[in-house]
Amino acid sequence: MSTTDASRQDAPVSAARVGATVPVETVMTAWGAAPPRRSLLVPVLAAATALSMAVLLLGALLWAPADRLQGDVQRIFYIHVPAAWIGMLGFTVVFVASIAYLVTRSARWDRLAASSAEVGVVFTTGVMVTGPLWARPIWGVYWDWDPRLTSFFVLWLLYVSYLVLRSYVPEPTRRARYSAVLGIVAFLDVPLVYVSVRWWRSLHPGPVVANPDGPQLPGEMLAVLGVGIAAFTLLYLLLVRLRIDNAVREDERAAPVRIADTPSSRSRP
Amino acid sequence: MTSPYLLAAYLGSAALYGGYLAHLLRRRRALAHGSR
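For the structure given in this document, a descriptive report is provided here. (Residues numbered from 1 in each chain as written. Chains lettered and ligands numbered in written order. Predicted model: local features only at pLDDT ≥ 70, side-chain atom pairs only at ≥ 80, totals over all residues. Heavy atoms only, no water.)

1. Quick look at the overall build of chain B
What chain B contains, in helices and strands, is 1 helix and 0 strands. Structurally, chain B occupies a C-alpha span of about 50 × 10 × 5 Å along its principal axes. Split by element, the accessible area of chain B, about 2200 Å² in all, is 64% carbon and sulfur. (Helix = DSSP H or I, 4+ residues; strand = E, 2+ residues; numbered from the N terminus. Areas by Shrake-Rupley, 256 points an atom, 1.4 Å probe, with all protein chains shown as cover.)

Shown next, in the form of C-alpha cells:
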C-alpha cells in the first residue's frame, strides 16, 4: 500500500464492507492514524502564544492610549477584531480543506477541516461575547439586528451546525463527505460578513484598517492590533495542532472497533 | 481599567480560550492514557 493509499479515509470502511479479515495494524495504517510524533511544535507554539498574549495584554490595557470618545471600553477592540479575523481565517481553512477532502478523500483534510471549524467557532464565540459588551456602553444596546451583526450571527450558527452535523453522523466516510459539502456552502457567508458594512447601512463601524484611505488608527493602536493579530494567530495554530493530534488518536482507537461493528464483519462465521 | 464591560470582555475571553485549551489538554492526556 502506497503512502497515498495509506491516508485514504475510505480504505478501512471498504475493507469491512467486503468482510475481509483485516489486521489491526493494517487498518490503523490505512486510516492514516499513526500516533503523532513527539515534536517541539506544541511547546514552542504554547510558549510563543503565552508570550504574545502577555505583550498584547500589556499593550492593550496599559500602553495604548485611551480613545478620546469611548474611553477605556474601546480597548475591547484589541481582542474583538483579532478574534473575528482569525475566526474567519479558520473558516477559510475549513473551506480549503473541505475542497481538498472531496478531491483527495484523505482523512487528513477532514481532520484539518473539523479542527479548524471547532477552533473557528470558539473564536467567533469570543467575538459574540466581546461585541455586545462593547456595544452596550457605546450604542446603548447589547445587540441590534443590523447587517453585520446578523450576517455574523448566521455565520456562527452555520459552523455550530457543522459541528452538530459531525456529531450526528457516526459513519466516518459519510460524515467527512457531508461536512465537506457544508464546509464549502457555509463559507459563502464569510464574504457577505466582510461586505455587510460596505453594502448596507450598519451600526457597526466600517473598516478602520483595510480602509481605501489607509488605516484610520493612531500608530500605537495599530501596533497593538498587530500584536493582537499575531497572538491570536499563534493561539489558533496551537489549538488546531492540539485538536488534530487528539483527532488522530481518536481515529486510531475508532478504526478497529468500526471494523468489528460492521454488519458484514459481524455476520462472518 | 475603569469599565466593567472591559473587565467582563477580557475575563470572559480568557475563560473561553483558556477553558477550550484546558479541554483539549485534558482530552490529550486521556487519549494518551488509553481512554476513549
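2. Quick word on the interface of chain A and chain B
With 35 residues of chain A at the contact, the number on the chain B side is 21 residues. For the pair chain A and chain B, the summed buried surface comes to about 2500 Å²; carbon and sulfur atoms form 70% of the total. Here aspartate 245 of chain A makes a salt bridge to arginine 28 of chain B, at a shortest N to O gap of 3.0 Å. Linking chain A to chain B there are 6 residue pairs in polar contact (both at pLDDT 80 or more). Elements supplying a minimum of two residues to the side of chain A that touches chain B: helix H4 (41-63), helix H5 (77-104), helix H6 (107-139) and helix H10 (219-261) of chain A. Tallied by class, the residues present in the side of chain A that touches chain B amount to 22 nonpolar, 4 polar and 9 charged. (Contact = heavy atoms within 4.5 Å. Buried area = accessible area lost by both parts, 1.4 Å probe. Salt bridge = Lys/Arg side-chain N within 4 Å of Asp/Glu carboxyl O. Polar contact = N/O pair within 3.5 Å; in protein donor to acceptor, adjacent residues only side chain to side chain. Nonpolar A, V, L, I, M, F, W, Y, C, P; charged D, E, K, R; others polar.)

3. Some remarks on the nonpolar core
Counting 57 residues, the largest nonpolar core has Leu56, Tyr78, Phe123, Leu155, Tyr159 and Phe232 of chain A as the members making the most contacts within it. Of all the secondary structure elements, the ones that give two or more residues to this core are H4, H5, H6, helix H7 (147-168), helix H9 (189-199) and H10 of chain A together with helix H1 (4-32) of chain B. Top element by residues in this core is H10 of chain A. It accounts for 14 residues. Apart from residues lying up to four places away in sequence, phenylalanine 232 of chain A is in contact with Met53, Leu56, Ile79, Pro82, Ala83, Ile86 and Phe123 of chain A together with Tyr17 of chain B. (Core = buried A, V, L, I, M, F, W, Y, C linked by side-chain atoms within 4.5 Å. Buried < 20%, exposed > 50% of the residue type's maximum accessible area, 1.4 Å probe, protein only.)

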